[in-house]
Each structure stands twice: as C-alpha cells, then as structure tokens.
Amino acid sequence: MKFKSNALQHAVKFALATTTAGLFMSGSVMAAEADQSEKTKVNKNVEKIAVVGTRSAPRSIGDSPVPIDIIGGEELGKSGNTDMLELLKGAIPSLNVHSMPISDAASLVRPANLRGLPSDSTLILLNGKRRHRASVIAFLGGGINDGAQGADISVIPSIALKQVEVLRDGAAAQYGSDAIAGVMNFVLKDASEGGSLEVRKGQYYEGDGDTTQVSGNIGLPFTDNGFANLSFQYKTSDATSRSVQRPDAAALAAAGVQGIAPLTQVWGAPEVNDDISIFGNVGLELTNDSEFYMFGNYSERDVRGGFYYRNPTTRPGVYGGTIRDVNGTNMRRPGDDNPEGQKAWDAATPTVLVGSLDGYDQQLACPLVELQANGAPDQAAIDSLTAANCFAFNETIPGGFTPNFGGNITDTSLTIGTKGEFTGGYLEGAFYDLSGTVGFNESRYFIYDTLNASLGLDSPRDFSPGKYTQLEKNFNFDLSKGFDFGLAYDLNVAGGLEWHEETFTVTSGDVASFTAGPYTDQGFGIGSNGFPGFKPSDAGEYTRRNYAAYVDVEAPFTEDFLMGLALRYEDYDSFGSTTNYKLTAQYHVTEDLNIRGSISSGFRAPTVGQANVSNVQTNLSSGVLVDSALLPPTNPIAILKGGTELQPEESNSYTFGAVYTMGDLFFTVDYYNIKVDDRISQSEKIELSQADKDVLDAAGVPNVQSLAQVSFFTNDFDTTTQGIDLVANYSADLLNGSSTFSLAYNWNETEVTRSSDITGAFKVSRLENDLPNHRATLSWAQQWESFSAFTRLNYFGEYQGVHVDYDATAKTADAAVTLDAEVTYFVNDSISLSVGAQNLLDQDAEELDFTAAPNNNWGGKYYETSPFGINGGFYYVKATYTF
C-alpha cells in the first residue's frame with residue numbers, strides 16, 4: 001500500500017474544515033441527528049427485524065435461516081457519498097461498484113455486483129415489491145456486467161429510507177427471476193410526524209467534482225388512521241478528470257496542428273445536473289383488520305460524460321488514414337475494388353479523406369492531402385481545397401474532436417395495494433396482500449461535439465440519437481396462514497399468484513443522427529459519430545408476459561429446529577416455463593449458537609431488451625478505436641457467428657453458516673456456492689469480413705463499411721462462484737459514551753467452468769479476476785451527549801487492473817486500504833453540523849502500467865477497475881435540521 005505525499009496536507013485540510021463547518025453552513029437550512037443521542041443509548045441492543053426472506057412473520061436477523069444484512073437509514077447518512085450505490089458498497093463487502101468512465105450507457109446507470117455476479121442477478125424490491133429495471137443496458141460493462149440490465153438503485157435517496165435489507169442468498173423460488181445472487185429490499189420511512197432537512201456540500205481533494213445536495217423528509221398524518229411520508233433529494237455534481245494528455249494529440253500539437261485541447265480525452269466521473277428524486281409512502285387503516293397502502297417515486301437527472309478522442313489524421317470515415325493508392329488515382333470507398341492490389345495499398349502514403357462538393361465522380365480531382373513525417377497534414381494542400389470545390393474536416397475541425405455522451409434519465413413508479421386479515425370463514429386468521437405496480441424508466445440519449453460526416457460541412461455538431469424505455473406491470477396476490485399441527489409454534493403456509501408484463505421500446509433519433517448524407521458514397525461515415533442514431537427501422541416495441549404461482553411453508557418442529565420449503569412455477573410466453581425450489585433449515589445448538597443453511601435452484605430470464613436491442617458503439621480493439629455493432633442474437637449475422645435465441649440462466653446454490661450471540665457480541669459466518677449455467681452476456685467482439693459487411697448492408701445496418709466487429713447476447717458460459725461472508729457487531733459503553741464496532745469480511749471467487757470462442761479468453765479472465773477476492777470493512781461509531789463520530793476502514797484485496805477493455809494493459813493491482821470518517825456536533829436538539837471525508841488519506845488507485853502496451857493513446861492515469869474508484873479523497877460538510 002502507498003499513500004500520496006500530500007496526504008498530510010489533506011488531513012490538515014480536513015481538520016480545518018471541521019472548525020469552519022459552522023461558518024460554511026450559516027444561512028443554510030440545517031438538519032440534525034441530535035435526538036439520536038439518547039435513542040442510541042436506549043436502543044443499541046434492540047434486535048434488527050427483517051421482512052425480506054420469509055413469508056411468515058418478520059423475524060430478527062439472528063433467527064433467520066438465511067443470511068440477511070440490515071443497514072439503517074442513520075448509517076446510510078454517515079457517508080460523504082451521495083450515490084446510493086456507493087453508500088451500500090461501503091456497508092456491504094460483497095457488493096462491488098465500478099466507476100465506469102467512458103462506458104456508453106453504463107456511465108449513466110452504473111451496474112452493481114453482489115457476490116461477484118452481474119447487476120441483473122440481484123432482485124431489487126421497494127417495500128417488498130418488485131422494482132422495475134432501468135432501460136439502460138450496459139453495452140460496455142467492464143467484463144462482468146457486459147449486457148446487464150438491472151434496476152437503477154441510484155434514484156433512491158437515503159433520507160427516504162427506514163432501512164435496507166440485503167438477503168445474501170438465492171431466492172428465485174420466493175421472488176422469481178433475478179434473485180440468483182440475492183435480494184435488496186429498500187424499506188421507506190413510515191412515520192406520520194416529524195422529519196428532517198439536510199444540506200451537504202463537498203468536493204474531491206483534486207479540486208473538482210463539486211457536489212451539492214439538498215434533501216428532506218416529512219411525516220404527515222393521513223386522517224386519524226394513517227400516514228403520508230414524503231421525501232425529496234436534489235443534487236448536482238461536476239465532472240472529474242484523472243487524465244493525462246494523449247501522446248498522439250501532444251505530437252500533433254507539437255507539429256503545429258491547431259485546435260488540440262489540453263486534455264483531448266477525459267477519464268473521470270460524468271457531470272450530473274438537476275438530479276431530482278421524490279418518493280412518497282402512504283398508509284391508511286381501513287378497518288381494524290385491513291389497511292390501504294400506496295408508494296412510488298418520480299426521479300429525473302441529466303448526465304454528460306466524456307468519450308474517445310477522434311484523431312484528425314486517422315479516424316476512419318471522418319478524417320481518413322490511408323485513403324489514396326500510391327499514385328493518388330484510386331481511393332478506398334464503399335463498394336470499390338482494389339485494382340492496384342494489396343501491395344499498392346500497403347505502400348500508400350497516408351492521406352486525409354477529402355470530399356468533392358461536386359459529387360462522387362469528381363472526388364479524385366480533389367487535391368491530394370498527404371500526412372507529413374511529423375504526422376500533421378500538408379497545410380498548403382488543405383488550404384487549396386476550397387478553390388477546388390472540395391472539403392476535408394481538417395479545415396473546420398483541425399484538432400480532431402471528442403464527443404460528449406449524455407442522457408436524460410427519467411424513472412417513475414407507483415404501487416397501490418391493500419392488506420389485512422380475514423375475520424371469518426375457512427380463511428379466518430389468514431393474512432392477505434393484494435397489489436398492483438407499474439414502473440417506467442426512460443433513457444433519452446444525447447451526443448455532443450460530434451458530427452455526421454456523410455452530411456459534409458452541413459452536419460450539426462449535437463444530436464439526439466433516440467431513446468430506450470422500460471415499462472413493467474406487476475399484479476400480486478399473497479396469502480399466509482398459520483396452522484396448529486402440534487409443533488412448537490404454528491406451521492405457516494403461504495402462497496400466491498403473480499402476473500408480470502415487461503415492455504422494452506426503442507424510439508428513433510433525430511434524422512441527422514442516422515441519415516446517410518450526400519457524401520456517403522465518397523467514404524464519409526453515416527450517423528452521429530460515436531453513437532449513431534436509431535433508425536425508424538430499428539424502432540419497435542417488444543413485450544413479454546409471464547405468470548407465476550408459489551407455495552412457501554415454514555415448520556418449527558421444535559423450539560430449536562425450523563425448516564422451510566418454497567416452490568415456484570413460472571411460465572413465460574416466450575421461452576416456456578420453469579419450476580424452482582428452496583429448502584432452508586435452522587437449528588439452535590445452544591441459546592447462544594445456531595447453525596443455518598439453505599439449498600435452492602434459481603433462474604434469470606433474459607430481458608426483453610437483451611433479446612431485441614441493436615446498437616453501434618465505439619470501443620478499443622487491441623488498442624485501436626473501432627466501431628462495433630451489437631445485434632439481436634437472432635440476426636442472420638449473429639446466427640452465422642454462433643448466436644441463438646436466448647434462454648433463461650439456471651442456477652443451483654447452497655449456503656451453510658452459523659450465528660453466535662454472547663451479550664453485546666453478534667457474530668455470523670456463512671459459506672455460499674452458486675453455480676450458474678447458460679449465463680447471458682454480451683459475446684466477444686467478432687471481426688467482420690467483407691462478405692459479412694455485405695450481408696449487414698443488405699439488412700439495413702447503418703455505416704456498415706466502417707464497422708470492424710459485431711457482438712450479440714448469448715447463453716455461452718457457466719460459472720461457479722463461492723465465498724465466505726463474515727459479520728461481527730459489538731456494542732459497549734466506552735470513553736464516557738456509547739460505542740458500536742462492526743466488522744464485515746467477504747471472500748469471493750468466480751471460476752468460468754465452460755465457455756466457447758465467442759466468450760473470449762480475456763473476458764473469462766475479467767470474470768474471474770477483475771473483482772478483488774477479499775474485501776473487508778471495520779467501523780467504529782461513537783456517541784456522546786453533544787458529539788458523535790464514525791470511522792470506517794475499507795480493505796480491498798488484489799484485483800486485475802484493466803484499462804480500455806484492452807488485454808495488453810491487464811496486470812495484478814495491489815491491495816489497498818481507504819479510511820472514511822465523519823464527526824458530528826449537536827448544536828441543540830434540532831440542529832447538527834457534520835464534517836467528513838471519504839478516502840481521508842487520499843489513497844491512489846493503481847497507476848497504469850503500459851510496459852506491455854507502451855503507446856498510451858488513451859490518456860488515463862489509473863486502472864478503471866479500481867474497486868474504490870479513481871477520483872481519490874473527497875471531503876464534505878453537512879448540516880441537518882430535525883423536527
């Protein structure tokens with residue numbers, strides 16, 4: 001491990017911020033946790049109760065036959081990060097989240113990985129109801145998330161939450177598809193009075209990434225028998241840069257090329273503007289035996305981040321490369337043969353792509369613009385183009401360009417239901433829950449500072465390439481009833497029905513983003529460069545429906561021995577049906593020690609988006625920037641390359657563990673083993689032949705001649721993931737106050753047990769090695785009358801450092817430790833001031849090592865796969881007002 005030389009400087013800066021927090025926040029609306037001082041002393045030993053993981057009555061996490069974590073809303077608030085993903089990563093060692101710079105749509109909605117599996121292998125619930133997926137599919141998902149389509153957790157503000165329940169166990173038999181790795185249940189606050197307001201301001205030690213967040217929560221009575229709990233969060237954050245100038249851009253600037261930006265390619269966090277989330281939770285007692293509930297959200301944000309630099313001498317379809325043959329009498333153009341033979345092309349002088357305003361037949365009459373020895377184009381030849389009625393983008397954009405990719409993300413949902421107890425007939429004493437949910441997520445894409453080269457000099461620079469939307473509808477009916485069979489307690493029998501409809505829609509972009517302009521036949525690329533727009537032929541609405549029935553039995557054979565069995569049948573109108581089971585058991589060996597375990601099967605249905613989406617993306621292949629088309633797996637070219645109609649993933653998993661309690665010490669350890677067959681992911685990028693391009697051209701795929709590769713979603717490999725989760729908590733009265741210590745450790749290992757050539761050896765390596773095998777956190781929360789403090793050490797084991805998805809950059813990166821801290825002063829019963837830092841000692845991510853790939857033409861400083869990000873230390877101040 002190594003620390004930056006200026007770490008002490010930033011520690012001093014942290015201390016100074018503590019003394020100036022009051023001045024910084026004066027005049028702001030302030031919020032506090034002052035009332036938590038006495039509450040913490042009184043309630044520190046209260047058992048944590050979870051709803052997730054059982055159809056019986058809620059139970060404490062110590063009495064659960066499966067491992068469950070509960071993170072309270074107060075703990076989530078003790079972090080400088082304002083992103084829910086980062087908050088959870090700090091509390092759950094088996095959860096990993098990457099920064100995802102320059103990752104297409106994955107930069108807009110970042111995927112998260114529980115127990116080493118992709119984001120869509122974890123089911124997300126809100127108040128126990130299935131949460132809809134995001135419309136974003138992670139086309140560039142950093143190996144493990146390639147092609148994943150999970151829910152957007154980042155829209156959920158911590159101030160709205162009562163607690164988060166994390167079930168670390170396969171639960172498809174209980175909850176359906178996606179619960180292979182586990183389940184996260186976000187429980188909204190339900191108070192009918194009180195509330196809080198909070199203002200938070202911070203930035204990275206590097207002086208960028210300024211973040212401002214204002215959030216609030218209020219509980220209101222809803223008649224005399226109900227509540228309405230409302231929360232909001234508004235946030236903005238500036239972009240960050242952890243970049244160096246690309247060598248190719250620096251060389252062009254040295255050669256006198258104008259318009260080269262100081263940093264032509266930026267690696268860092270995107271800019272986020274107007275990030276607003278509103279959540280509501282309503283409950284009303286209808287009778288003594290029934291209640292009505294309703295909850296939902298509206299969220300929206302604008303995101304804008306960097307993309308790859310377009311070199312003004314080599315970018316195909318815009319600037320060119322080797323365009324003319326040795327005599328300058330022939331050109332590389334769509335459909336042209338090569339009459340001089342390959343040797344002529346190989347010996348050709350690199351030239352700039354020049355177009356004729358008089359049309360295809362006059363292109364060879366345009367001046368030949370050669371690249372000089374220093375790499376710059378011949379400026380005299382560039383200056384002669386206008387007189388010849390010709391053009392090159394080197395005239396108008398001489399320094400090249402770097403598109404900015406962004407999007408507007410809108411997320412909304414509404415759940416309405418009623419639950420209660422039957423008071424007569426055969427079902428007397430049975431509990432019911434009837435609900436309907438609708439969830440909608442839209443990602444409208446934008447790309448800035450680029451062009452549609454086929455439109456020539458008339459091309460706009462900004463485009464809207466189109467949008468994806470995800471619409472889901474759920475209807476659930478659940479029953480639960482206890483039966484007296486002479487066991488220690490009632491045997492609980494639960495059952496239910498579910499109907500689910502999922503619709504994925506592709507909407508075409510503005511015409512300029514996809515149209516083939518008048519200069520297409522002269523070799524200029526079609527569509528907005530970097531992210532061509534969706535054509536009307538790409539647009540469509542794709543729907544799938546499924547229904548499910550389940551039964552769930554929990555039997556307490558003795559006061560010390562509990563067993564449970566769940567069966568679930570699910571039928572899809574696309575690929576058919578599946579039946580899954582789960583068997584759990586728990587045995588109290590002594591009053592302080594119990595052992596627990598489960599064995600289950602599971603599945604994850606391919607999403608409608610994965611089965612139907614197509615897209616053109618820019619990525620690096622062997623260090624070279626190329627365009628790659630993602631095709632539906634049933635596309636003729638995909639079938640030719642090995643694609644087939646997608647089928648569900650199937651899993652088998654088991655866990656075995658123990659819970660030990662002694663006074664104020666609570667300790668759990670669990671081993672897990674998850675086998676997943678026919679995993680769905682994006683295939684390796686497959687090189688295209690000219691014959692392949694001709695077939696794609698005939699099928700209407702845009703800009704075919706500039707495409708170098710294709711990929712598609714496929715059920716192409718199997719994995720086995722195993723690991724150990726260890727959690728320990730201890731509370732005591734120390735240092736004249738109340739202390740709580742928490743230790744959490746995760747060992748996780750994934751092995752690819754079957755794969756084919758379309759998976760690719762490097763992707764196998766990424767699946768097995770990108771995430772650290774060892775992660776741990778050690779936290780200490782201290783409470784006094786007027787102060788509280790929270791510190792957390794985070795350990796990240798060795799991992800595979802990878803940059804730009806290029807195998808030549810891969811290396812084993814060192815383990816690292818980061819430190820988070822927060823100190824709070826309670827001004828009075830309502831107002832508190834806090835100062836804190838994430839990565840307090842400014843631990844650097846692993847620096848890039850280009851020994852195997854010395855030509856670093858990508859401008860990065862750190863490996864993207866750093867498990868704690870690439871931005872370094874972040875400090876903040878916070879004020880809270882509680883009422």
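Residues numbered from 1 in each chain as written. Predicted model: local features only at pLDDT ≥ 70, side-chain atom pairs only at ≥ 80, totals over all residues. Heavy atoms only, no water.

### Some remarks on the overall build of the protein chain
Piece 1. What the protein chain contains, in helices and strands, is 14 helices and 40 strands.
Piece 2. Buried positions account for 59% of the 883 residues belonging to the protein chain.
Piece 3. Excluding contacts between residues fewer than 6 apart, the proportion of contacts in the protein chain whose partners are at least 24 apart in sequence is 72%.
Piece 4. For the protein chain, the exposed area adds up to about 32,900 Å²; of that, 55% sits on carbon and sulfur atoms. (Helix = DSSP H or I, 4+ residues; strand = E, 2+ residues; numbered from the N terminus. Buried < 20%, exposed > 50% of the residue type's maximum accessible area, 1.4 Å probe, protein only. Contact = heavy atoms within 4.5 Å. Areas by Shrake-Rupley, 256 points an atom, 1.4 Å probe, with all protein chains shown as cover.)

### So, the pattern of salt bridges
Opposite charge on two side chains allows them to pair when their charged atoms are near.
Piece 1. In this structure the tally under the stated criterion is 36 salt bridges.
Piece 2. Taking the shortest distance from any N to any O, the salt bridge between Asp178 and Arg130 comes out at 3.7 Å. Here Arg130 lies in strand S7 (residues 129–130) and Asp178 lies in the loop between helix H5 (172–175) and strand S9 (182–188), a separation of 48 residues in the sequence. No difference in accessibility class separates Asp178 from Arg130, as the two residues are buried.
Piece 3. Among the ionic pairs, Asp275 bridges to Lys235, the shortest N-O distance being 3.9 Å. Of this pair, Asp275 sits in strand S13 (residues 271–287) while Lys235 is found in strand S12 (residues 226–237), placing the two residues 40 residues apart along the sequence. The burial state of Asp275 is the same as that of Lys235; both residues are buried. (Salt bridge = Lys/Arg side-chain N within 4 Å of Asp/Glu carboxyl O.)

### Overview of the state of the cysteines
Piece 1. Using the criterion set out here, one finds one disulfide in the structure.
Piece 2. With a sulfur-sulfur separation of 2.0 Å, Cys366 is cross-linked through a disulfide to Cys390. Handedness of the Cys366-Cys390 disulfide follows from its S-S torsion of about -90°: it is left-handed. Residue Cys366 is located in the loop between strand S17 (355–356) and helix H8 (379–383), and its partner Cys390 is located in strand S18 (residues 390–391); the two are separated by 24 residues in the primary sequence. (Disulfide = S-S within 2.5 Å.)

### A few points about the environment of Gly77
Piece 1. Mapping Gly77 onto the fold places it in helix H3 (residues 73–77).
Piece 2. Residue Gly77 is classed as buried on the basis of its relative accessible area, which comes to 10%.
Piece 3. Through-space distance from the C-alpha of Gly77 to that of Leu87 is 8.4 Å; in sequence the pair is 10 residues apart.
Piece 4. Ignoring sequence-local partners within four residues, the contact set of Gly77 consists of Arg200, Glu822 and Lys878.

### Here we look at helix H13 (residues 690–698)
Piece 1. Along H13, the residues that are buried comprise Asp692, Lys693 and Leu696. Looking straight down H13, one finds that the buried residues subtend no more than 100° of arc, so they occupy a single side. (Arc of directions from axis to C-beta.)

### What about the environment of Leu707?
Piece 1. With respect to the helices and strands, Leu707 occurs in strand S32 (residues 707–734).
Piece 2. Owing to a relative accessible area of 2%, Leu707 belongs among the buried residues under this scheme.

### Things to note about the environment of Gly576
Piece 1. Structurally, the position occupied by Gly576 is in strand S25 (residues 576–588).
Piece 2. Not counting the four nearest positions on each side in its chain, Gly576 is found in contact with Glu570 and Asp571.

### Concerning empty space enclosed by the protein
Piece 1. All chains considered together, the criterion is met by 17 cavities of 30 Å³ or more.
Piece 2. Of the voids in this model, the largest cavity is the one considered here, and its volume is about 890 Å³.
Piece 3. Along its surface, the largest cavity is lined by 45 residues, and Asn81, Asp83, Glu86, Arg110 and Tyr204 are the ones closest to its centre.
Piece 4. Listing elements by their share of the lining of the largest cavity, those giving two or more residues are helix H4 (84–91), S12, S13, strand S14 (290–305), strand S35 (787–796) and strand S38 (816–826).
Piece 5. For the lining of the largest cavity, a count of residues per class yields 13 nonpolar, 20 polar and 12 charged.
Piece 6. The space that makes up the second largest cavity amounts to roughly 200 Å³.
Piece 7. Surrounding the second largest cavity, 24 residues form its lining, Ser119, Thr122, Ile124, Gly150 and Ala151 being those nearest its centre.
Piece 8. Listing elements by their share of the lining of the second largest cavity, those giving two or more residues are strand S5 (112–114) and strand S6 (122–126). (1 Å grid on protein atoms, 1.4 Å probe; cavity = no way out; pocket = protein on both sides within 12 Å on 5 of 7 lines; lining within 4 Å. Points joined across faces, edges and corners; volume = space filled by probe spheres on them. Nonpolar A, V, L, I, M, F, W, Y, C, P; charged D, E, K, R; others polar.)

### Section: the nonpolar core
Piece 1. Core analysis: the biggest nonpolar cluster contains 35 residues, and Tyr445, Tyr468, Phe504 and Val613 have the highest contact counts within it.
Piece 2. When contributions to this core are tallied by element, the ones reaching two or more residues are strand S19 (404–421), strand S20 (431–448), strand S21 (463–483) and strand S22 (491–508).
Piece 3. With sequence-adjacent residues up to four places away left out, Phe504 is seen in contact with Ser135, Ile137, Gln149, Tyr468, Thr469, Gln470, Gly540, Glu541, Tyr542, Val608, Gly609 and Val613.
Piece 4. By size, the runner-up hydrophobic cluster in this structure holds 33 residues, among which are Met84, Leu161, Val164 and Leu188. (Core = buried A, V, L, I, M, F, W, Y, C linked by side-chain atoms within 4.5 Å.)

### What about the packing of aromatic side chains?
Piece 1. The tally for this structure, following the rule as stated, stands at 30 aromatic pairs.
Piece 2. Relative to Phe485, the ring of Phe483 lies with its centre 6.2 Å away and its plane at 35°, an arrangement referred to as tilted.
Piece 3. The class for Phe483 is partly exposed, based on a relative accessible area of 23%.
Piece 4. By relative accessible area, Phe485 is classed as exposed at 57%.
Piece 5. One aromatic cluster in this structure is built from Phe307, Phe405, Tyr445, Tyr468, Phe504, Phe531 and Phe534. (Phe/Tyr/Trp six-rings, centres within 6.5 Å; stacked < 30°, edge-to-face > 60°.)

### A look at helix H6 (residues 247–254)
Piece 1. Of the positions making up H6, those classed as buried are Asp248, Ala249 and Leu252. Seen along its axis, H6 keeps its buried residues to an arc of 100°; they face one direction.

### Focus on the pairing of S35
Piece 1. Residues of S35 alternate between two faces, with Ser788, Phe790, Arg792, Asn794 and Phe796 buried on one and Phe787, Ala789, Thr791, Leu793 and Tyr795 left unburied on the opposite face.
Piece 2. Pairing analysis gives nine bridges linking strand S34 (residues 774–783) to S35, with the strands arranged antiparallel. Bridging across to S35, Arg775 finds its partner in Phe796.
Piece 3. The hairpin formed by S34 and S35 contains three residues between the paired strands.
Piece 4. As paired elements, S35 and S38 share 10 bridges and run antiparallel to each other. Looking at the pairing, Ser788 lines up with Thr824 of S38. (Pairing = 2+ DSSP bridges.)

### Some details on the side chain of Arg596
Piece 1. Along the chain, the position of Arg596 falls in strand S26 (residues 593–604).
Piece 2. Look at Arg596 and you get buried, because its relative accessible area is 4%.
Piece 3. Within the structure, the side chain of Arg596 is placed 3.3 Å from the backbone oxygen of Ser64, a separation counted as a polar contact. (Polar contact = N/O pair within 3.5 Å; in protein donor to acceptor, adjacent residues only side chain to side chain.)

Such coordinate-based values are descriptive only and should not be taken to indicate function.
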